[in-house]
Amino acid sequence: MSGLSQQLAALQGWQAALAQGVTPQAASQAIGQLEKFLGVRLLHRTTRSLALTEEGQHFLENTQPALAALDRALGLAREAKDEIAGPLRIVGPKSSFASILMPLLNEFCSEYPDIQPDVQLDDGITDWVLDRADIGFRIGASPDERVIGRKLFSIQLIVCASPSYLAQHGVPTILGDLASHRCSIFRHPTTGKVSPWYLNVNGEIEHRHVVPSFSTNDTELELQAVLAGQAIGQLANFMAAPHIRSGRLVPILLPYMSDHIGLHIYYGSRAAQPKRVRAFLDLALTRLLDCPDYVLSGKELLVASNVS
């Protein structure tokens, strides 16, 4: 409770003050401070009783509407904290993330139709706290120490090709074979920088720049190019998994696959979050934590890599 609220509660009477958690000593001190600030005596004090002065009575009557409005505002704020409704601000990467996020939003909004999603997907976001987000998603670890983060699943970076490409150009079996193949690269849509392929070489992550036959700043277009047989590409598991399982893509160079990064979810202190944020966080953890829809098992990858 603010100092002024304590002072007004004390002025209303000892019982009212005690009901709001103000001790007699604190109430006496609060009234004294208020009298000093106003320059008038508000109470007649004796050893046995207290009574409002005329100035004190007028002051109390004039502050009643403001106190009632404050009580209503506090009540509404408490109710809003526990209501699963209103805006839900989410930030995350733009590249290929919509297909992960939208099923979550669809399920959440179907259950809570009064939720108003406010989503910003941008590969350039570096500080989602400053963007006033309730929930943040990020590929890789966050440098922000002001938030709590949890890894949802590992991102497997899988070198893939279509069956038609492999039938025409052959299957590379070692990294040196890539020099004679058509490869795709991804350019960061914000910086324009070329992303290398991340390869696991003898337990160490190697950043390898391949000679591009196809380059783009859009992950969906890169996926379509690989599916069409235009190039070999290194694709994230959450993009490639359904196509590998259906046979439209073949994982190759499996010994060099890396999974050193992950998809993380970030949030502030759970204790201070509105109920709508806690509910969405719980849903995201339930649906995405080590989700088999996106993470391919070693057996799946091995079987899918055996092309005839």
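Keep in mind it's a predicted model, so treat the numbers as computed, not measured.

Definitions and cut-offs
- Residues numbered from 1 in each chain as written.
- Predicted model: local features only at pLDDT ≥ 70, side-chain atom pairs only at ≥ 80, totals over all residues.
- Heavy atoms only, no water.
- Pairing = 2+ DSSP bridges.
- Helix = DSSP H or I, 4+ residues; strand = E, 2+ residues; numbered from the N terminus.
- Phe/Tyr/Trp six-rings, centres within 6.5 Å; stacked < 30°, edge-to-face > 60°.
- Buried < 20%, exposed > 50% of the residue type's maximum accessible area, 1.4 Å probe, protein only.
- Polar contact = N/O pair within 3.5 Å; in protein donor to acceptor, adjacent residues only side chain to side chain.
- Contact = heavy atoms within 4.5 Å.

Q: Describe the pairing of strand β5 (residues 135-139), with residues and values.
A: Within a regular strand, the side chains alternate between the two sheet faces. Sheet topology places strand β3 (residues 86-92) next to β5; two bridges connect them, and they run parallel. Directly across from V91, in β5, lies its bridge partner G136. As paired elements, β5 and strand β14 (residues 258-267) share five bridges and run antiparallel to each other. By the bridge assignment for β14, R138 is matched with H264.

Q: Pulling in residues and values, what's your account of the pairing of strand β10 (residues 204-208)?
A: With five bridges joining them, strand β9 (residues 197-201) and β10 adopt antiparallel strand pairing. What sits directly across from N200, in β10, is I205. Between β9 and β10, which pair antiparallel one after the other, the connecting turn spans two residues, and N202 there sits at a positive phi close to 55°.

Q: Outline the packing of aromatic side chains, supporting the account with residue identities and numerical values.
A: A complete count under the given rule lists four aromatic pairs for this structure. Plain terms: the ring middles of F108 and F280 are 5.3 Å apart, the flat faces sit at 80° to each other, and that makes the pair edge-to-face. Placement of the pair is F108 in helix α5 (residues 98-111) and F280 in helix α9 (residues 275-288), with a sequence separation of 172 residues. In this structure F108 comes out as buried when scored by relative accessible area, which is 2%. What makes F280 buried here is its relative accessible area of 0%. Following the ring pairs from residue to residue traces out a cluster consisting of F108, Y112 and F280.

Q: I'd like a rundown of the sheet that holds strand β11 (residues 212-216), residues and numbers included.
A: The strand order β8-β7-β11 describes an open sheet built from three strands, whose pairing is mixed. Unpaired on one side and paired on the other, β8 (194-195) and β11 mark the two borders of the sheet. The pairing of strand β7 (residues 183-187) with β11 spans four bridges and is classified as parallel. Directly across from C183, in β11, lies its bridge partner P212.

Q: I'd like a description of the environment of H58, backed by residues and values.
A: For H58, the position within the fold is in helix α4 (residues 54-81). In this structure the C-alpha to C-alpha distance between H58 and L42, which are 16 residues apart in sequence, comes to 9.4 Å.

Q: Run through the side chain of T216, naming residues and quoting values.
A: Mapped onto the elements of the fold, T216 is located in strand β11. According to the relative accessible area criterion, T216 is buried, its value standing at 7%. A distance of 3.1 Å separates a polar atom in the side chain of T216 from the backbone nitrogen of D218. Setting aside its immediate chain neighbours within four residues, T216 contacts I185, F186, R187, L221 and E222.

Without other data, these values stay purely geometric and don't point to any function.
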